[in-house]
Amino acid sequence: MSVVSRCLYPDLQAVNTSSLSFSAASKGNGFLRLQPVRMRFAVCCAAKKDTVDKVCEIVKKQLAVPEGTEVCGASKFSDLGADSLDTVEIVMGLEEEFQISVEESSAQSIATVEDAAELIDKLVEEKSS
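Now for a description of the structure that goes with this document. Remember, predicted model here, so these are calculated numbers, not experimental data.

What counts and what doesn't
- Residues numbered from 1 in each chain as written.
- Predicted model: local features only at pLDDT ≥ 70, side-chain atom pairs only at ≥ 80, totals over all residues.
- Heavy atoms only, no water.
- Helix = DSSP H or I, 4+ residues; strand = E, 2+ residues; numbered from the N terminus.
- Contact = heavy atoms within 4.5 Å.
- Areas by Shrake-Rupley, 256 points an atom, 1.4 Å probe, with all protein chains shown as cover.
- 1 Å grid on protein atoms, 1.4 Å probe; cavity = no way out; pocket = protein on both sides within 12 Å on 5 of 7 lines; lining within 4 Å.
- Points joined across faces, edges and corners; volume = space filled by probe spheres on them.
- Nonpolar A, V, L, I, M, F, W, Y, C, P; charged D, E, K, R; others polar.
- Axes fitted to C-alpha atoms, helices over the stretch in contact; angles between N-to-C directions.
- Parallel < 35°, antiparallel > 145°, perpendicular 65-115°, else oblique.
- Left-handed = near helix turned anticlockwise from the far one by under 90°.
- Core = buried A, V, L, I, M, F, W, Y, C linked by side-chain atoms within 4.5 Å.
- Buried < 20%, exposed > 50% of the residue type's maximum accessible area, 1.4 Å probe, protein only.
- Salt bridge = Lys/Arg side-chain N within 4 Å of Asp/Glu carboxyl O.

So, the overall build of the chain
- Across its full length, the chain carries five helices and two strands.
- For the chain, the succession of helices and strands along the chain, N to C, is α-β-β-α-α-α-α.
- Across the chain, the fraction of contacts at a sequence separation of at least 24, relative to all contacts at a separation of at least 6, is 53%.
- In the structure as shown, the chain presents an accessible area of about 9300 Å², 53% of it carried by carbon and sulfur atoms.

Structure follows, in structure tokens:
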């Protein structure tokens, strides 16, 4: 599923391809029927919505994302044109905005807006404890 479809259709469900049937329609002609089955488990955003929104704004600003370009939790920094230096600058902007310090090992695991927002929520919670 593309970033655009994940941003525009966040409630879109994946289809379980294990529901598959093959039948003989008539004299050697077969057909394949896929039946969509709702997934029993779904992974949702663990980060707070306001954190994700702030991260989106910082990413847009740091990368000078063109007006009208959709940036959401599923957006990958690389898909938005970020290189490794851009990612470092994004992390620095996040540290400044949220008054946190991100370890280098944690920073290297950030690939999407959601990854960054989840890490921020975790670090903010640890800091307040």
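Some details on the layout of surface pockets
- Considering only enclosed or pocket space, the second largest pocket measures out at about 150 Å³ in volume.
- What lines the second largest pocket is simply Glu57, Ile58, Lys61, Gln62, Met92, Gly93, Glu96 and Glu97.
- Taken together, the residues of the lining of the second largest pocket break down into two nonpolar, two polar and four charged.

Structural notes on the packing of helix 2 (residues 49-63) against helix 3 (residues 84-98)
- Where helix 2 contacts helix 3, the two axes come as close as 10 Å, and the packing angle between them is 135°. With respect to helix 3, the element helix 2 is oriented oblique. Helix 3 is crossed by helix 2, and the crossing has right-handed handedness. Counting all contacts with helix 2, which are made through Thr51, Lys54, Val55, Ile58, Val59, Gln62 and Leu63, the residues of helix 3 involved are Asp86, Glu89, Ile90, Gly93, Leu94, Glu97 and Phe98.
- Tallied by class, the residues present in the contact of helix 2 with helix 3 amount to seven nonpolar, three polar and four charged.

Brief notes about the nonpolar core
- Counting 25 residues, the largest nonpolar core has Val55, Val59, Phe77, Leu94, Phe98, Val102 and Val113 as its most contacted members.
- Listing elements by their share of this core, those giving two or more residues are helix 2, helix 3 and helix 5 (113-128).
- If we ignore the near neighbours within four places in the chain, the residues touching Val113 are Val52, Val55, Cys56, Val59, Val71, Cys72, Gly73, Ser75 and Phe77.

As for unusual backbone geometry
- Even without being a glycine, Ala64 presents a positive backbone phi close to 50°.
- Positionally, Ala64 belongs in the loop between helix 2 and helix 3.
- Taking the relative accessible area as the measure of exposure, Ala64 reaches 61% and is therefore exposed.
- With a phi close to 55°, Gln99 is a non-glycine residue in the positive phi region.
- Structurally, Gln99 can be placed in the loop between helix 3 and helix 4 (104-107).

Observations regarding the pattern of salt bridges
- Counted under the stated rule, the structure contains two salt bridges.
- Here Asp53 ties to Lys49 by a salt bridge, and the two come within 2.9 Å at their closest N and O atoms. Of the two residues, Asp53 and Lys49 both sit in helix 2, four residues apart, roughly one turn of that helix.

Re empty space enclosed by the protein
- Scanning all chains against the criterion turns up one cavity of 30 Å³ or more.
- For the largest cavity, the calculated volume is near 40 Å³.
- Forming the boundary of the largest cavity are Val91, Leu94, Ile100, Val102, Ile110, Ala116, Leu119 and Ile120.
- Every element with two or more residues in the lining of the largest cavity is listed here: helix 3 and helix 5.
- Top element by residues in the lining of the largest cavity is helix 5. It accounts for three residues.
- Grouping the amino acids of the lining of the largest cavity by side-chain chemistry returns eight nonpolar, no polar and no charged.

Taken by themselves, the reported measurements are silent on function.
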